[in-house]
Amino acid sequence: MPNTSNARLEISAAPISIYRRAVDSLATAAAIGAVILVLAPLCAVFGYLVYKGIGSINWAFLTQTPKPVGEAGGGMANAIAGSTLILLIGSAFGVPLGIGAGVYLAEYGRGQFGNVIRFTADVLNGVPSIIVGIVAYGLVVLTQGHFSALAGGVALAIMMVPTITRTTEEMLLLVPNAVREAAYGLGVPRWRTTLSITLRTATSGVITGVMLAFARVAGETAPLLFTAFGNQYWNWKLNEPTAALPLQIFTYAISPFDEWHRQAWAGALILIVLIVVSVSAVRIAASRGMLRGAN
């Protein structure tokens, strides 16, 4: 009877050909090069923002409202707070709708109606943000009779929904059918299986989709021009015009004043940092199991 252990040893000890080594090295180099090509623009943008904006960030910038034209100092505290408020409104509307639509498409949307929803979500993903702003203007601003933080939140929610919907659907479809069948075999109803087992299994991917949608809308300016409109003062009311970082950066960037240009760079840096911190915090919470079912 042949010695199988010696045969395995001889096979594992066989020399690797030069061709295979070369192909492996080329593939590794290509992968590393692709990573560098992806990270280089991000690092360049972030580095340039730090270079241009770090000098204008101080305590006054983070705690004060804008000063009048020609007066030095001031900050964007009201815009930071306004962006937070508008993003919270958009997330409150967009996240539940997007996840709910994604669950429907993955678990129940096998027919024509599901195809219509998928097609609509794909089209909405490609619609320019300014069009979404005009739609929100017609739906909310004209109805209310004035600009408001609520209108801005609705515009951002409309943009978040298709991204979250399609991501949620794809993540749920990755859950093996054996998991569902095991639950059905134990007598668990389909709706309970979807919410308590399938969705929890795919929570990490769903959270990633939510964060992608959040990061996309956090820097949008065009929809807020038609909805939130902007404000030079503090505002915590949902039915009044509200400042936002993208709006403030846009206003300062197109102005002829050097002081405002410096503050625009600082505002852009703060916006990027807030997005990175928010996304990272959620991902860390998910990876450590602070969000139940994330792992």
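Above this text sits the structure in question.
Conventions used here
- Residues numbered from 1 in each chain as written.
- Predicted model: local features only at pLDDT ≥ 70, side-chain atom pairs only at ≥ 80, totals over all residues.
- Heavy atoms only, no water.
- Helix = DSSP H or I, 4+ residues; strand = E, 2+ residues; numbered from the N terminus.
- Rg over C-alpha atoms; globule rule 2.2 N^0.38 Å.
- Buried < 20%, exposed > 50% of the residue type's maximum accessible area, 1.4 Å probe, protein only.
- Contact = heavy atoms within 4.5 Å.
- Areas by Shrake-Rupley, 256 points an atom, 1.4 Å probe, with all protein chains shown as cover.
- Lys, Arg positive; Asp, Glu negative; His and termini not counted.
- Charge placed at Lys NZ, Arg CZ, Asp CG, Glu CD.
- Axes fitted to C-alpha atoms, helices over the stretch in contact; angles between N-to-C directions.
- Parallel < 35°, antiparallel > 145°, perpendicular 65-115°, else oblique.
- Left-handed = near helix turned anticlockwise from the far one by under 90°.
- Nonpolar A, V, L, I, M, F, W, Y, C, P; charged D, E, K, R; others polar.
- Arc of directions from axis to C-beta.
- Patch = residues over 30% accessible without salt bridge, like charges linked within 9 Å, V, L, I, M, F, W, Y side chains within 5 Å.
- Salt bridge = Lys/Arg side-chain N within 4 Å of Asp/Glu carboxyl O.
- Expected span 1.5 Å × (residues − 1).
- Bend = angle between axes of the 7 residues up to and from the residue.
- Phe/Tyr/Trp six-rings, centres within 6.5 Å; stacked < 30°, edge-to-face > 60°.

Regarding the overall build of the protein
Within the protein, the secondary structure is distributed over 13 helices and 0 strands. Across the protein, helices and strands are ordered from the amino to the carboxyl terminus as α-α-α-α-α-α-α-α-α-α-α-α-α. The globule rule puts the C-alpha radius of gyration for 295 residues at 19 Å, and the 25 Å found for the protein is more than 25% above it. In terms of its C-alpha atoms, the protein occupies a principal-axis envelope of roughly 95 × 55 × 35 Å. Split into buried and exposed, the 295 residues of the protein put 37% on the buried side. Of all intrachain contacts in the protein linking residues separated by at least 6 positions in sequence, the fraction that spans at least 24 positions is 75%. Counting only carbon and sulfur atoms, one obtains 69% of the accessible surface of the protein, whose full area is about 16600 Å². Each charge sign in the protein was given a centre, from 18 positive and 12 negative side chains, and these centres are 8 Å apart.

A look at the packing of helix H12 (residues 245-253) against helix H13 (residues 258-287)
It is the contact of H12 with H13, at a shortest axis distance of 8 Å, that shows an interaxial angle of 155 degrees. It follows that H12 is roughly antiparallel to H13 by the angle criterion. Here H12 runs over H13; the crossing is left-handed. In contact with Leu245, Pro246, Ile249, Thr251, Tyr252 and Ala253 of H12, H13 contributes Trp260, His261, Gln263, Ala264, Gly267, Ala268, Ile270, Leu271 and Leu274. A class-by-class count of the residues in the contact of H12 with H13 yields 11 nonpolar, 4 polar and no charged.

As for the side chain of Glu169
With respect to the helices and strands, the residue Glu169 is situated in helix H7 (residues 149-173). On the basis of relative accessible area, Glu169 is assigned to the buried category, the value being 2%. Among all residues touching Glu169, those that are not within four sequence positions of it are Gly102, Leu105, Ala106 and Arg118.

A few points about the environment of Ala29
Here Ala29 is to be found in helix H2 (residues 18-53). Once the C-alpha coordinates of Ala29 and His146 are considered, the two residues, 117 residues apart in sequence, prove to be 56 Å apart.

Focus on helix H9 (residues 190-201)
For H9, the complete set of buried residues consists of Thr193, Thr194, Thr198 and Leu199. Around the axis of H9, the buried residues are gathered within 140 degrees of arc, so they sit on the same side.

Considering a nonpolar patch on the surface
A cluster of nonpolar residues, Phe46, Ile272, Val273, Val276 and Val277, forms a patch on the protein surface that exposes about 380 Å² of accessible area. Examining the composition of the nonpolar patch, we find that 4 residues originate from one element, H13, more than from any other. Mapped onto the secondary structure, Val276 falls in helix H13. Since its relative accessible area comes to 46%, Val276 is described here as partly exposed.

With respect to the packing of helix H4 (residues 77-107) against H7
Packing of H4 against H7 leaves a shortest axis separation of 6 Å and a crossing angle of 30 degrees. In terms of orientation, H4 and H7 fall into the roughly parallel class. In this structure, H4 crosses over H7, and the sense of that crossing is right-handed. Here the residues of the contact of H4 with H7 are counted per class, giving 22 nonpolar, 9 polar and 2 charged.

A closer look at the pattern of salt bridges
Evaluation of the coordinates by the stated rule reveals 6 salt bridges. One salt bridge connects Arg166 with Glu169, and the closest N-O pair in it is separated by 2.4 Å. One end of the pair, Arg166, and the other, Glu169, are both in helix H7, 3 residues apart, so they sit about a helical turn from each other. Where salt bridges share partners, they join Arg118, Asp122, Arg166 and Glu169 into one cluster.

A word on the environment of Gly152
Within the secondary structure, Gly152 sits in helix H7. Residue Gly152 is classed as buried on the basis of its relative accessible area of 0%. Separated by 28 residues in sequence, Gly152 and Arg180 place their C-alpha atoms 39 Å apart. Apart from residues no more than four positions distant in its own chain, Gly152 is found in contact with Ile86, Leu224, Thr227 and Ala228.

Thoughts on H4
Owing to its 3.6 residues per turn, the α-helix brings residues three or four apart onto one side. Counted at 1.5 Å a residue, the expected span for H4 with its 31 residues is 45 Å, and the 44 Å between its end C-alpha atoms agrees. The sharpest bend along H4 measures roughly 30 degrees and falls at Ser91.

Here's the deal with the packing of aromatic side chains
Aromatic ring pairs are described here by two measures, namely the spacing of the ring centres and the angle between the planes. A full pass over the atoms with the stated rule returns 9 aromatic pairs. Residues Tyr48 and Trp265 carry aromatic rings whose centres are separated by 5.4 Å and whose planes lie at 85 degrees to one another, so their mutual orientation is edge-to-face. A residue pair is termed long-range when its members are at least 10 positions apart, and Tyr48 in helix H2 and Trp265 in helix H13 qualify at 217 residues. Its relative accessible area of 44% is what places Tyr48 among the partly exposed residues.

Any functional reading would require information that these geometric values do not contain.
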